[in-house]
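Structural description and commentary
Chain by chain, the residues:
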Amino acid sequence: MAADSIVPDVVLAIHGGIGLDKKDMTPELAVKIRADLETSLKAGYAVIAKGGDSLDAVQAAIVVMEDSPLFNAGKGAVFTHDGRNELDASIMEGKTKRAGSVAGVTTIKNPILAARAVMERTKHVMLIGAAADGWAKSTGLEIVDPKYFWTEQRWNQLQEQLRKEKEHRDHGTVGAVALDQRQVLAAGTSTGGMSNKQYGRVGDSPIIGAGTYADNAACAISATGHGEYFIRHAVAHSIVDLMKYKGVPVNEAADEVIQRTLKPAGGEGGVVCLDHRGNFAASYNTDGMYRGYITRDGRVQTLLYEE
Ligand code: ASP
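The structure presented is a predicted model; accordingly, all values stated were derived computationally and were not measured.

Quick look at helix α5 (residues 152–164) now. The terminal C-alpha atoms of α5, which comprises 13 residues, lie 18 Å apart, in line with the 18 Å expected from a rise of 1.5 Å per residue. Of the residues making up α5, those classed as buried are R154, Q157, L158 and Q161. The buried residues of α5 all sit within an arc of 100° when viewed along its axis, so they share a single face. Turned more than 90 degrees from where α5 packs its buried face, E152 and R163 sit exposed.

Rendered as structure tokens:
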């Protein structure tokens, strides 16, 4: 269980999920995960550094992690109980509260791009299932055969869970929060959900206010963990409320919800938060959370456990 103290002057922060228990991590895998986190941070930072929007930075950072097989999002998504990959994603901007999300999609290569397209090209916030896949195709987003999301590691993991008959959180949802030069916050989250989940199950990641939220008056948040708990406790929005209505600093607000509300309720997980002044805080009630941040002057930090 841990809460990082506040890091100032951050322009972009990401997470790559709760990750493996520390005892299961190998030095080789840690190197690969850190390298992809760093690539993601640099992709987002390039957008901010040239005066781009926080939404574009969040999107750029998440696309890198969706394309990596190491995270449970996009390419590396986990399987449902019946052996499919169903992906969820959302994105939100903190100035106008524009938001978009997709849930249960099966053919969109980068679900975060579909969430963004829902935000910008429809009157709605959320599209689901086959309708969302079809709509994304009609807008020109890259569509893949569902086999694209098949990876041996996730498939073997499902087979093992089926043997043990348990649902499992697999640990690799991705998310990003960013603050641009116009002082606009944005947040985004993308996931394959929980391995061995029931067909049609939707978690917190595409739910605005649960897994993702951005409010320029408080902070931008992306969550990872056992989605049902994050939905019940409206985690992302609760953190914003504590800051906005009670003046609680970002790290204390995150801790209040993750350590003192979610944990006693049995909800495992964590959040990355970036406030409107560029203060970054992370809080998680598990062994670790893959995460990283980059400061205004380009200093990169990646962390997997308590370090
Ligand atoms: N929050 C995701 C979900 O419940 C899973 C995760 O973050 O590991 O779908």
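Now that the structure has been shown, we can carry on.
Here we come to the packing of helix α1 (residues 27–49) against helix α2 (residues 54–67). Each pair of packed helices can be summarised by the angle the axes make with each other and by the distance between the axes. Between α1 and α2, whose axes approach to 8 Å, the crossing angle comes to 160°. In terms of their interaxial angle, α1 and α2 are classed as roughly antiparallel. The interaxial crossing formed by α1 with α2 has right-handed handedness. For the pair α1 and α2, the contacting residues are D36, L37, T39, S40, A43, G44, V47 and I48 in the first and S54, D56, A57, A60, A61, V64 and M65 in the second. In terms of residue class, the contact of α1 with α2 is built from 9 nonpolar, 4 polar and 2 charged.

As a further point, take helix α3 (residues 111–121). Counting buried residues in α3 gives 8 out of 11 residues, a clear majority hidden from the surface. Within the span of α3, buried status applies to P111, I112, A114, A115, R116, A117, V118 and M119. Its buried side turned inward, α3 meets α2, β3 (87–93), β4 (99–105), β5 (126–128), α4 (129–138) and β7 (185–191).

What follows is about the site of the ligand. Taken together, the neighbourhood of the ligand is formed by 12 residues, with T173, R201, D204, T224 and G225 sitting nearest. A distance of 2.6 Å separates a nitrogen atom of the ligand from a polar side-chain atom of D204. A distance of 3.0 Å is found between an oxygen atom of the ligand and a backbone nitrogen or oxygen belonging to G227. If the ligand stood free it would expose 270 Å²; the protein chains cover 100% of that surface. Its residues assigned to classes, the shell around the ligand shows 1 nonpolar, 8 polar and 3 charged.

What counts, and at which threshold
All residue numbers refer to positions counted from 1 along the written sequence of the respective chain. Restriction of local features to residues with pLDDT of at least 70 applies here, the model being predicted, together with a cutoff of 80 or more for giving and counting side-chain atom pairs; totals for whole chains, interfaces and linings are based on all residues. Side-chain measures were taken over the full set of non-hydrogen atoms in the model, leaving aside hydrogen atoms and water. Each helix corresponds to a stretch of at least 4 residues labelled H or I by DSSP, and each strand to a stretch of at least 2 residues labelled E; elements are numbered beginning at the N terminus. Helix span is expected to be 1.5 Å times the residue number reduced by one. Relative accessible area decides the class of each residue, using a 1.4 Å probe on protein chains only: under 20% of the type maximum gives buried, over 50% gives exposed, and in between gives partly exposed. Along the arc lie the directions from the helix axis toward the C-beta atoms. In this analysis, axes come from line fits to C-alpha atoms, helices being fitted only over the stretch in contact, and the angle between any two N-to-C directions falls in the range 0 to 180 degrees. An angle below 35 degrees is read as roughly parallel, one above 145 as roughly antiparallel, one from 65 to 115 as roughly perpendicular, and any other as oblique. Less than a right angle of anticlockwise turn of the near helix away from the far helix marks a crossing as left-handed, whereas a clockwise turn marks it as right-handed. In this description, contact between two residues means that some pair of their heavy atoms is separated by no more than 4.5 Å. Gly falls in the polar group here, along with every residue not listed as nonpolar (Ala, Val, Leu, Ile, Met, Phe, Trp, Tyr, Cys, Pro) or charged (Asp, Glu, Lys, Arg). Residues are counted as near a molecule or strand when any one of their heavy atoms sits within 4 Å of it. Each polar contact in these results corresponds to two N or O atoms within 3.5 Å; when the atoms are within protein, one needs to be able to donate a hydrogen and the other to accept it, and residues that are neighboring in sequence are counted only if both atoms are side-chain atoms. Note that accessible areas follow from Shrake-Rupley with a 1.4 Å probe, and for residues the cover is restricted to the protein chains shown.

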